[in-house]
Amino acid sequence: MNDVKLAVLGGEGTGKSALTVRFLTKRFIGEYASNFESIYSKHLYLEGKQLNLEIYDPCSQPKKAKFSLTSELHWADGFVIVYDISDRSSFAFAKALVYRIREPQTSHCKRAVESAVLLVGNKQDLCHVREVGWEEGQKLALDNRCQFCELSAAEQSLEVEMMFIRIIKDILTNFKLKEKRRPSGSKSMAKLINNVFGKRRKSV
Ligand SMILES: Nc1nc2c(ncn2[C@@H]2O[C@H](COP(=O)(O)OP(=O)(O)OP(=O)(O)O)[C@@H](O)[C@H]2O)c(=O)[nH]1
């Protein structure tokens, strides 16, 4: 079974818990305890594979160094970065998170392939008080090789589900790429030896 680890990050009150709970239970509760962090587990069957999905939903910790993220970066296979389309400061926060994830030293130190990142403009039902344009979100995502969508955890259960499925599929694609790039096991070693000695024999 594949383990898929997903971190849902973003500014305070952007709807991280609402999105996560909506995906896991199809329900929108309205108020969520925000003083503790949670890792939720869910079994999924996707693309012919059994998956054990873990979703990390952090608590808002104003005192914690905002963009250190070191443990999250090492833990997660992919990220959902959430902002609130009616709150410009949450977009600035999301931007800083995206930059942090895409920093060259972050992306190269640990991973054979770049992490999957999906930028989400939440609270689309509040578009009458919108402070962040759809194009701004789209541009930030495009410039930083992220997926992008706008939706409402409050009103769009299906869209929320599709959003999570999209990022999980991206993570699975990355797993496949990683697998291709890693010479694994005796088969690859045999191939390597064969290549080296095979070539020498030819030239004698
Ligand atoms: N109108 C509207 N409100 C939403 C939506 N999603 C979440 N909310 C509300 O926004 C508030 C914050 O939602 P949470 O899910 O607790 O946000 P969070 O990012 O987990 O919050 P912290 O953990 O405190 O950072 C709650 O009052 C939710 O009811 C949405 O799509 N539309």
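Residues numbered from 1 in each chain as written. Predicted model: local features only at pLDDT ≥ 70, side-chain atom pairs only at ≥ 80, totals over all residues. Heavy atoms only, no water.

### Some details on the packing of aromatic side chains
Argument step 1. The full count for this structure, using the stated rule, is 4 aromatic pairs.
Argument step 2. Measuring from centroid to centroid gives 4.4 Å for Phe 23 and Phe 164, while their planes differ by 15°, and the two rings are stacked. Here the residue Phe 23 occupies a position in helix H1 (residues 16-25), and Phe 164 occupies one in helix H6 (residues 157-181), the gap between them amounting to 141 residues.
Argument step 3. By relative accessible area, Phe 23 is classed as buried at 5%.
Argument step 4. Just above the ring of Phe 23 sits the side chain of Lys 42; from NZ or CZ to the centre is 5.5 Å. (Phe/Tyr/Trp six-rings, centres within 6.5 Å; stacked < 30°, edge-to-face > 60°. Helix = DSSP H or I, 4+ residues; strand = E, 2+ residues; numbered from the N terminus. Buried < 20%, exposed > 50% of the residue type's maximum accessible area, 1.4 Å probe, protein only. Lys NZ or Arg CZ within 6 Å of the ring centre and 35° of its normal.)

### Considerations on helix H5 (residues 134-143)
Argument step 1. Residues of H5 that are buried include every one of Gly 137, Leu 140 and Ala 141, and no others. Considered in projection along H5, the buried side chains sweep an arc of 95° and stay on one side of the axis. Residues of H5 that are exposed and point over 90 degrees away from its buried face: Glu 135 and Leu 142.
Argument step 2. Where H5 is buried, its residues contact strand S4 (78-84), helix H3 (88-102), strand S5 (116-122) and strand S6 (147-150). (Arc of directions from axis to C-beta. Contact = heavy atoms within 4.5 Å.)

### Some words on the pattern of salt bridges
Argument step 1. Counted under the stated rule, the structure contains 8 salt bridges.
Argument step 2. Among the salt bridges present, the one from Lys 26 reaches Glu 161, with a minimum N-O distance of 3.3 Å. A residue pair is termed long-range when its members are at least 10 positions apart, and Lys 26 in the loop between H1 and strand S2 (38-46) and Glu 161 in helix H6 qualify at 135 residues.
Argument step 3. Among the salt bridges present, the one from Glu 114 reaches Arg 102, with a minimum N-O distance of 3.9 Å. (Salt bridge = Lys/Arg side-chain N within 4 Å of Asp/Glu carboxyl O.)

### Focus on the sheet that holds strand S3 (residues 49-57)
Argument step 1. With respect to topology, 6 strands assemble into an open sheet ordered S2-S3-S1-S4-S5-S6, the strand pairing being mixed. Strand pairing shows two members of the sheet lacking a second neighbour, S2 and S6, which therefore form its edges. Sheet twist, expressed as the average angle between the axes of neighbouring strands with direction ignored, equals 20°.
Argument step 2. Pairing between strand S1 (residues 2-10) and S3: 6 bridges, direction parallel. Opposite Asp 3, over in S3, you have Asn 52 as the bridge partner.
Argument step 3. Along the sheet, H1 makes contact with S1, S2, S3, S4 and S5, crossing S3 at roughly 155°.
Argument step 4. The strands that H6 touches are S1, S2, S3, S4, S5 and S6; relative to S1, the one it contacts most, it runs at about 125°. (Pairing = 2+ DSSP bridges. Axes fitted to C-alpha atoms, helices over the stretch in contact; angles between N-to-C directions.)

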